[in-house]
Amino acid sequence: MRFLSEEDSAALITEELAYNAVRTALIAAVADTSTTFPALPAHASQPHNRFTVKSAAATDVAGVKIGSYWPNNTTTPRHNSTILLLDQETGKIAAVVEAATVNAYRTAAADAVAADTLANPDATTLTIFGTGHQAYYECTALARIRTLTTIHVVARTPEHGRTLVDRLHEAGLPATLTEPEQAVGAADIIVTATTARTPLFDAEWVTRGTHVASMGSDAKGKQELPPALLDDAALFCDLPPQSRTIGEFQHTTTQHRITALGNVLTGTAPGRRDEDSITIFDSSGIALQDLYTATALLAEQ
C-alpha cells in the first residue's frame, strides 16, 4: 500500500495538476462506465464533529474520499480529507492520501474549469463571498484562467475580510474589501464559498453576462444564491443528481434544466449561449475529483 502524508501531498499539489485532474474527473463523471454513489453524511462521537463519505468508480479508478469538519479544532485545519484508492484486481487498499491542502486546490480547480468554460473570455472582475480557508484558493485558481484586474472581497466579519485582502495582495492579486451590492453589480464572476443557509445577495444586483459559482452548498439545507437568479440563468454542475440532493440546486424544481459540466467539456451539451447570458455552476464536490487528483499526485511521487 502506498501512502502520501499531508506534508507530502501538500508539497506535490499545484494548480495545474489539480485543474487537469479535476477536468478529467468531470468528463469521466458523465461517462456510462462511471458510477458516483450517494454521499453519506455522518458524525463522530460528538455530533458537531462531522464527516462525509463520497465514493465512485470509473474505468481506471475506484475508491473513497472522507471529508471531515471539526469546528473546534485549533491545532490542525478544521477541514480534513483522506482519499483511499482501491486495487481493482484484489479489492485491497492500494493507496492512502492525506489531502487537506489538496482538497482546497481540488475544490478551487472545479471552479476554475467551470469559469474557463462558462465565463466570458474578457471577464476581469471577481467578487468572492466568504473569507474562510477556501476563499483564497478560489481567487488564485481563477486568476490563473482569467486576467483579474479587481477582486472584491465581501466579508461578514470585516477583520477576516481585511486578512484575506492582505493575503491576496501578498500573492500579487488586486483585492479590496467591498459592500455586497456594489461587489455583485461590478462583477464578471461571482464566487460564493460560505456555509450559508440563506441567500447571500439579491438577484437584481447581478448584471447580464455574469458567471456565478456556488462552492459552499454541499449538504441539505445549505443555500448561497437567491432562487430568482436560478430562474434567469443557465444552470451547470458537477453531477446533477447530487446537486439536486445536497448542492445549491436542491432549491430548484423539476422545471429547471441542469447540465453536467462534463457534457459541455465533451461537446455533447451547449455551454454559454451568448455574452449576455447569466451562467451558474454548482459545485457540491464529487468523489471522482478526489480519486483522479490522488492518482495524479501518486504519479508525481
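Predicted, not measured: the structure shown is a model, and the values here were computed from it.

### Describing the sheet that holds strand 10 (residues 175-177)
Now for step 1: Read across the sheet, eight strands follow the order 10-9-8-11-12-15-13-14 without closing on themselves; strand pairing throughout is parallel. Of all the strands in the sheet, just strand 10 and strand 14 (258-260) have a single pairing partner and so form its edges. Ignoring which end each strand starts from, the neighbouring axes of this sheet average 20° apart.
Now for step 2: In this sheet, strand 10 lies alongside strand 9 (residues 150-154) in parallel orientation, the contact comprising three bridges. Bridge pairing in strand 10 links Val153 to Leu177.

### So, helix 2 (residues 15-29)
Now for step 1: The end-to-end C-alpha separation of helix 2 is 21 Å, in line with the 21 Å expected for 15 residues at 1.5 Å each.
Now for step 2: Taken residue by residue, helix 2 has Leu17, Ala18, Tyr19, Ala21, Val22, Ala25, Leu26, Ala28 and Ala29 as its buried positions.

### Concerning the pattern of salt bridges
Now for step 1: With the rule as written, the count across this model stands at five salt bridges.
Now for step 2: Here Asp290 ties to Lys65 by a salt bridge, and the two come within 3.0 Å at their closest N and O atoms. A residue pair is termed long-range when its members are at least 10 positions apart, and Asp290 in helix 10 (residues 287-300) and Lys65 in strand 5 (residues 62-69) qualify at 225 residues. Each of the two residues, Asp290 as well as Lys65, counts as buried.
Now for step 3: Its salt-bridge partner being Asp218, residue Lys222 comes within 2.8 Å of it at the nearest N-O pair.
Now for step 4: Salt bridges linked by common partners bring Lys65, Arg106 and Asp290 together as one network.

### Things to note about the pairing of strand 6 (residues 79-86)
Now for step 1: Looking at chain direction, strand 5 and strand 6 are connected through seven bridges and run antiparallel. Opposite Gly63, over in strand 6, you have Leu85 as the bridge partner.
Now for step 2: In this structure, strand 6 lies alongside strand 7 (residues 93-98), joined through five bridges in antiparallel fashion. Bridged to Ile83 within strand 7 is Val97.

### A word on the pairing of strand 3 (residues 40-43)
Every regular strand shows the same layout, with side chains that alternate between the two sheet faces.
Now for step 1: Taken together, the four bridges between strand 3 and strand 4 (residues 50-57) define a ladder with antiparallel strand orientation. Counterpart to Leu40 in the pairing with strand 4 is Val53.
Now for step 2: Connecting strand 3 to the next strand, strand 4, in antiparallel fashion are six residues.

Calculation notes
- Residues numbered from 1 in each chain as written.
- Predicted model: local features only at pLDDT ≥ 70, side-chain atom pairs only at ≥ 80, totals over all residues.
- Heavy atoms only, no water.
- Pairing = 2+ DSSP bridges.
- Helix = DSSP H or I, 4+ residues; strand = E, 2+ residues; numbered from the N terminus.
- Axes fitted to C-alpha atoms, helices over the stretch in contact; angles between N-to-C directions.
- Expected span 1.5 Å × (residues − 1).
- Buried < 20%, exposed > 50% of the residue type's maximum accessible area, 1.4 Å probe, protein only.
- Salt bridge = Lys/Arg side-chain N within 4 Å of Asp/Glu carboxyl O.

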